[in-house]
Amino acid sequence: MEQLGSEQTNALIRKSWNKLREDEDRLSANSRNSSLSPSSDFPAAKDERKKINTLTAEIRWALSLAIRNKKD
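> Describe the environment of Arg68, with residues and values.
With respect to the helices and strands, the residue Arg68 is situated in helix α2 (residues 43-71). Given a relative accessible area of 49%, Arg68 falls into the partly exposed group. For the pair formed by Arg68 and Asn10, sequence separation is 58 residues and the distance between their alpha carbons is 63 Å.

If you want it as structure tokens, here you go:
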């Protein structure tokens, strides 16, 4: 195996690190943070999105009640 100098070693480490980051970014992409369609999400991501949507609806409902009660 060929011995690498310190500059070559650093360049290889940087290249490998950048490739790892690109792969991590690609694997973590979903319809919320990319141009992918929601149908491409994993089931766990869909479940999480449903939980967030439900929570958002509950918060909006509670706020509308609070505003209505404040007006009365």
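> How would you explain the pattern of salt bridges if you had to name every residue and give the values?
A complete count under the given rule lists 1 salt bridge for this structure. A salt bridge links Lys19 to Asp23; the nearest nitrogen and oxygen atoms lie 3.2 Å apart. With a gap of 4 residues between them, Lys19 and Asp23 both fall in helix α1 (residues 6-27), about one helical turn apart.

> I'd like to hear about a nonpolar patch on the surface, residue by residue, with values.
On the surface, a nonpolar cluster with roughly 380 Å² of combined accessible area is contributed by Leu55, Ile59, Leu63 and Ile67. With respect to the helices, strands and loops of the structure, Ile67 is situated in helix α2.

The rules behind the values
- Residues numbered from 1 in each chain as written.
- Predicted model: local features only at pLDDT ≥ 70, side-chain atom pairs only at ≥ 80, totals over all residues.
- Heavy atoms only, no water.
- Helix = DSSP H or I, 4+ residues; strand = E, 2+ residues; numbered from the N terminus.
- Buried < 20%, exposed > 50% of the residue type's maximum accessible area, 1.4 Å probe, protein only.
- Salt bridge = Lys/Arg side-chain N within 4 Å of Asp/Glu carboxyl O.
- Patch = residues over 30% accessible without salt bridge, like charges linked within 9 Å, V, L, I, M, F, W, Y side chains within 5 Å.
- Areas by Shrake-Rupley, 256 points an atom, 1.4 Å probe, with all protein chains shown as cover.

None of this, on its own, says anything about what the molecule does.
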